[in-house]
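Commentary on secondary and tertiary structure
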Number of protein chains: 2
Amino acid sequence: MELSDDAPIVTTPGVAPAGGTLAERLFHQLFEAILQGELAPGSKISEPLLAQKYSVSRGPLREALHRLQERHLITRSANHGSRVAEATPASLSELFKVREMLESLAAREAALNCTAEDLMTLQSMVDLHEARILGTAPERQTGLSSVDRDFHFLIAQRSNNPFLIRLLCHELYPLLRLYRSKYRNTDYRKRALLEHRRILGALEDKDPDMAEMMMRRHIAGARERRLETMGDDGSAQPKRRAKRADVQR
Amino acid sequence: MELSDDAPIVTTPGVAPAGGTLAERLFHQLFEAILQGELAPGSKISEPLLAQKYSVSRGPLREALHRLQERHLITRSANHGSRVAEATPASLSELFKVREMLESLAAREAALNCTAEDLMTLQSMVDLHEARILGTAPERQTGLSSVDRDFHFLIAQRSNNPFLIRLLCHELYPLLRLYRSKYRNTDYRKRALLEHRRILGALEDKDPDMAEMMMRRHIAGARERRLETMGDDGSAQPKRRAKRADVQR
DNA sequence: ATCGTAAAATCTGTTGACAGAATCGCGCTG
DNA sequence: CAGCGCGATTCTGTCAACAGATTTTACGAT
């Protein structure tokens, strides 16, 4: 049974983990718990408590923690334990700069690889996006940005570049989710819709250069708007956390 | 004691691991062993044997293995054990495409961040590069491409973007080393030297757009030449890049 | 009352042992 | 001689216990 990496972690939020091994399952559960905000960012992780909470011994738990460390969802200090990663404005800006390059590459490749069916799927996503903005379709809880996510996610997949897919879907997108609750971007959905249409048009034209440029501008614009709404530009850290969130229980 | 991530793994090959914890040390040792080729790519990893070889129990070893899994230096299957990652031509091409985007971003940022001292350091690297090509300086064993590595490494550092630095120095560069022995690129050092000079010139001019474009061409060219010497091209789309309209901002 | 110090409690790092699964080897059968 | 089944062995996954380090707590001195 392959369980190496490309398991359905980010693919669709509703998938069941259910990995064969216990450490694997724990990894996915903690992964989601951190991104969902159930484990407070910056809070200390107590191995005995977590082990008890998930009804496992510390062995598999520590293996899962070591994997989360490599995904930079937690930090570990020798003999001091683990802490859940924190989200700073500076790192959000850095993430977006990298995202700009990687997604524009994905768009370039996708322009060559997208099938007619893929284009139809993307079209329906954009249509749904519009329907939601106009209030025609009901907005489910998670539905606010989910259609946006799916759009970018499918393009990443169609890059047909496993390494790129991994960086985007398994590393960058999850980290972005850390900021979702903390720094909400104000309403630029109409803007995003327009830009999505342009990107889709470039994909339909099978124009890699155009698709790349469109995506690059799309992400760059999103980054700038996001940073504006956050008040401070990402260069300097905003304000040292007054008090640190305490251990979760 | 912080030992989270930015430990000297790729920085300079000769650093001592000596992490505080045993699992940490093991991780670094195995990391180097795999990249050095001491653990044959594709070979199966026996936990009892490795544990005995490094004189530790299986606990810390498994923790280190789980970290290596996230770095994609090994693959794990439930109840089937671990295998050392393998290097295929296709994945090399994929790596280079991502590298092209990430390093061009790094060059862009470095153009804004490089100090006069940095520029002097880079200049000396280029000079050393030339001396080696002309045979003026002795070529040490590892010295063949080390100067090239240092050049790119310093530029990555000067991006001042921790996330980008991590992707390049901790993930992409190590994976590239997997191919170093398997697919040697024939002699393009003179070409590389010229392109390095151009990149350095753009950095000296504090010209982000130019630095980005130069680096992008540099990596793209290296990828094409590399794939040519490998006989088979690693991807489906061979040479549809007669000339490419670089995206500018 | 505050600060410093020492003992107690807790936590992390590590080890060894056990249970289930997979692989290997051997003998049997066609 | 090839293919298959079955037992033995090895390996992976998991757990509980120990040792060193750290944090907390209690106590006494200033």
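Residues numbered from 1 in each chain as written. Chains lettered and ligands numbered in written order. Predicted model: local features only at pLDDT ≥ 70, side-chain atom pairs only at ≥ 80, totals over all residues. Heavy atoms only, no water.

Within the element layout of this structure, Asn 161 of chain B appears in the loop between helix H6 (143–157) and helix H7 (162–180). A residue is classified by how much of its surface remains accessible, and Asn 161 of chain B, at 3% relative accessible area, is buried. Between the C-alpha atom of Asn 161 of chain B and that of Glu 109 of chain B, which follows or precedes it by 52 residues, the distance is 8.4 Å. In this structure Asn 161 of chain B touches Glu 94, Lys 97 and Val 98 of chain A, once residues within four positions along its chain are discounted. (Helix = DSSP H or I, 4+ residues; strand = E, 2+ residues; numbered from the N terminus. Buried < 20%, exposed > 50% of the residue type's maximum accessible area, 1.4 Å probe, protein only. Contact = heavy atoms within 4.5 Å.)

This part takes up the protein's contact with DNA strand D. Taken together, the neighbourhood of DNA strand D is formed by 18 residues, with Thr 21 and Leu 22 of chain A together with Arg 58, Arg 62 and Arg 76 of chain B sitting nearest. The sugar-phosphate portion of DNA strand D accounts for 72% of its atoms within 4 Å of the protein, the bases making up the rest. One of the backbone nitrogen or oxygen atoms of Glu 47 of chain B is found 3.3 Å away from a phosphate oxygen of DNA strand D. The separation between a phosphate oxygen of DNA strand D and a polar side-chain atom of Arg 76 of chain B is 2.7 Å. Those elements giving two or more residues to the surface near DNA strand D turn out to be helix H1 (22–36) of chain A together with strand E1 (44–45), helix H2 (47–53) and helix H3 (58–70) of chain B. Classifying every residue of the surface near DNA strand D by side-chain character gives 6 nonpolar, 7 polar and 5 charged. (Near = heavy atom within 4 Å. Polar contact = N/O pair within 3.5 Å; in protein donor to acceptor, adjacent residues only side chain to side chain. Nonpolar A, V, L, I, M, F, W, Y, C, P; charged D, E, K, R; others polar.)

Here chain A sits on chain B after a turn of 180° about the axis and a move of 0.0 Å along it, with an RMSD of 0.0 Å. These values place the two chain copies in the arrangement generated by a two-fold rotation axis. Same-surface contact between copies: 84% of interface residues of chain A are shared with the interface of chain B. (Least-squares fit on C-alpha atoms with pLDDT ≥ 70 in both.)

Each partner contributes to the interface: chain A provides 49 residues, whereas chain B provides 49 residues. Across the chain A/chain B interface, buried area totals approximately 4400 Å², and carbon plus sulfur atoms make up 54% of it. Between the two partners, chain A and chain B, sit 12 salt bridges. Applying the counting rule to chain A against chain B returns 18 residue pairs in polar contact (both at pLDDT 80 or more). Within the residue set of the side of chain A that touches chain B, elements represented by two or more residues are H1, helix H3 (58–70), strand E2 (74–77), helix H4 (89–113), helix H7 (162–180) and helix H9 (208–229) of chain A. The element best represented in the side of chain A that touches chain B is H4 of chain A, accounting for 12 residues. Partitioned by chemical class, the residues of the side of chain A that touches chain B number 20 nonpolar, 9 polar and 20 charged. (Buried area = accessible area lost by both parts, 1.4 Å probe. Salt bridge = Lys/Arg side-chain N within 4 Å of Asp/Glu carboxyl O.)

Before going further, it helps to examine the sheet that holds strand E3 (residues 81–84) of chain A. Residues and elements named next belong to chain A. One open sheet holds the 3 strands; their spatial order is E1-E3-E2, and the pairing between them is antiparallel. Only two strands of the sheet have a single partner each, and these edge strands are strand E1 (44–45) and E2. Of the strands in this sheet, E1, E2 and E3 are in contact with H3, which crosses E2 at around 110°. (Pairing = 2+ DSSP bridges. Axes fitted to C-alpha atoms, helices over the stretch in contact; angles between N-to-C directions.)

Our focus in this paragraph is the domain arrangement of chain A. All names here are of chain A. Entries for chain A in the domain assignment read domain 1 (22–84) and domain 2 (89–229). Placing a centre on the C-alpha atoms of domain 1 and another on those of domain 2 gives a separation of 29 Å. Counting from both sides, the interface comprises 8 residues of domain 1 and, opposite them, 6 residues of domain 2. Viewed at the interface, domain 2 and domain 1 are joined by 1 salt bridge. As a salt-bridge pair, Arg 177 and Glu 32 come within 3.3 Å of each other at their nearest N and O atoms. Joining domain 1 to domain 2, the criterion identifies 3 residue pairs in polar contact (both at pLDDT 80 or more). Here the side of domain 1 that touches domain 2 is composed, by residue class, of 4 nonpolar, 2 polar and 2 charged. (Domains from an automatic or database assignment.)

So, about the protein's contact with DNA strand C. Taken together, 19 residues sit near DNA strand C, with Arg 58, Arg 62 and Arg 76 of chain A together with Thr 21 and Leu 22 of chain B positioned nearest. The sugar-phosphate backbone supplies 71% of the atoms of DNA strand C found within 4 Å of the protein. Arg 58 of chain A is positioned such that a nitrogen or oxygen atom in its side chain is 2.8 Å from a base nitrogen of DNA strand C. For the surface near DNA strand C, the secondary structure elements donating two or more residues are E1, helix H2 (47–53) and H3 of chain A together with helix H1 (22–36) and H3 of chain B.

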